[in-house]
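Single-letter residue listing:
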Amino acid sequence: MESIAVALQPYKDTVGLTAAIVTVVQFFSGVLSLNAIRRQGNTRGFSALPFLGGTVFCLLNIQFGQMLRDDGMIRVNFIGLALNLLYVCGFYLYTEGPAKTAVWGQIGLAGALTAGVLSYVQYEDPQLVEFRFGLILTGLLWTLVGMPLLGLGDILKKKSTEGLPFPIIFLGAVVSFAWLLYGIILRSNFLVVQNLMALALSAVQLSLFIIFPSGAAKPPPTPAKKRN
């Protein structure tokens, strides 16, 4: 890794800027998923969790950026926070009937998680909080990236990737790769491990789109009966 870091060092600012840009582009990928929901007319087959998770992750990253005094991180995550809040509202708008109650329950859990972590940050030892908060964000990132794999059983059963948010998964892989390179340049084992794992999870999910079609698998045709 050291040789790669040395080779990429002259491009540090370029790689960092690229990572920030592709992160913002990834935030806009939710528009494609929401548009698919709009065309369908409802949210069946989709989940609000990626949008809620993105909201929580951006909000916590704003707090982390304040701790690090990183204005760039704060600006990027403010954009992500605003967009994900719009996605949650749009998702709720297209949710039908009793399913709205489930969405409210998920919103409540997301709010409780955010409040709990932010409260912890305020009371933790200042000498420990940065590292431990980073661990929390890493765990949340891995959860968000790997979340679509929770439906792996249904995917294998139906032999279909219908409902998986391809734009979010694909751009997530691009973002993870960009931040992986930046972590190597900074010689930050924290960033490298965080994004290497996220990239691996994204690669597993992308492979499902190669193996299975996006639509439901069709049953084999019934053989025609022979006439006597």
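Residues numbered from 1 in each chain as written. Predicted model: local features only at pLDDT ≥ 70, side-chain atom pairs only at ≥ 80, totals over all residues. Heavy atoms only, no water.

**Here we look at helix 2 (residues 12–28)**
An α-helical segment advances 3.6 residues per turn. Residues three or four places apart therefore align on the same side.
Logical step 1: Compared with the 24 Å implied by 1.5 Å per residue over 17 residues, the 25 Å span of helix 2 between its first and last C-alpha is a close match.
Logical step 2: Taken as a whole, helix 2 has its buried residues at V15, G16, A19, V22, T23 and F27. Across the axial projection of helix 2, the buried residues extend over an arc of 150°, all falling on one side. Of the exposed residues in helix 2, those oriented more than 90 degrees away from the buried face are D13, T14 and L17.
Logical step 3: Buried residues in helix 2 make contact with helix 3 (30–40), helix 4 (49–68), helix 5 (71–94) and helix 9 (166–186). (Helix = DSSP H or I, 4+ residues; strand = E, 2+ residues; numbered from the N terminus. Expected span 1.5 Å × (residues − 1). Buried < 20%, exposed > 50% of the residue type's maximum accessible area, 1.4 Å probe, protein only. Arc of directions from axis to C-beta. Contact = heavy atoms within 4.5 Å.)

**Here we look at the environment of L86**
Logical step 1: With respect to the secondary-structure elements, L86 resides in helix 5.
Logical step 2: Considering only alpha carbons, one finds L86 and T55, 31 residues apart in sequence, at a separation of 9.7 Å.

**Describing the packing of helix 4 against helix 7 (residues 126–146)**
Logical step 1: As a packed pair, helix 4 and helix 7 sit with axes 11 Å apart at the nearest point and diverge in direction by 155°. Put simply, helix 4 runs roughly antiparallel to helix 7. For the pair helix 4 and helix 7, the crossing hand works out as left-handed. Each of G53, G54, V56, F57, L60, N61, Q63, F64, M67 and L68 in helix 4 lies in contact with helix 7, whose residues at this interface are V129, E130, F133, G134, L137, L140, L141 and L144.
Logical step 2: Residues of the contact of helix 4 with helix 7, tallied by class, amount to 12 nonpolar, 5 polar and 1 charged. (Axes fitted to C-alpha atoms, helices over the stretch in contact; angles between N-to-C directions. Parallel < 35°, antiparallel > 145°, perpendicular 65-115°, else oblique. Left-handed = near helix turned anticlockwise from the far one by under 90°. Nonpolar A, V, L, I, M, F, W, Y, C, P; charged D, E, K, R; others polar.)

**Let's talk about the packing of aromatic side chains**
Logical step 1: Tallied over the full model, the rule gives 5 aromatic pairs.
Logical step 2: Where F51 meets Y87, the ring centres are 5.3 Å apart and the plane angle is 45°; that geometry is what we call tilted. One end of the pair, F51, is in helix 4; the other, Y87, is in helix 5, with 36 residues separating them in the sequence. Accessibility classification places F51 together with Y87 in one group, the buried group.
Logical step 3: Consider the rings of Y92 and W104, whose centres lie 5.5 Å apart with planes at 65°: the pair is edge-to-face. (Phe/Tyr/Trp six-rings, centres within 6.5 Å; stacked < 30°, edge-to-face > 60°.)

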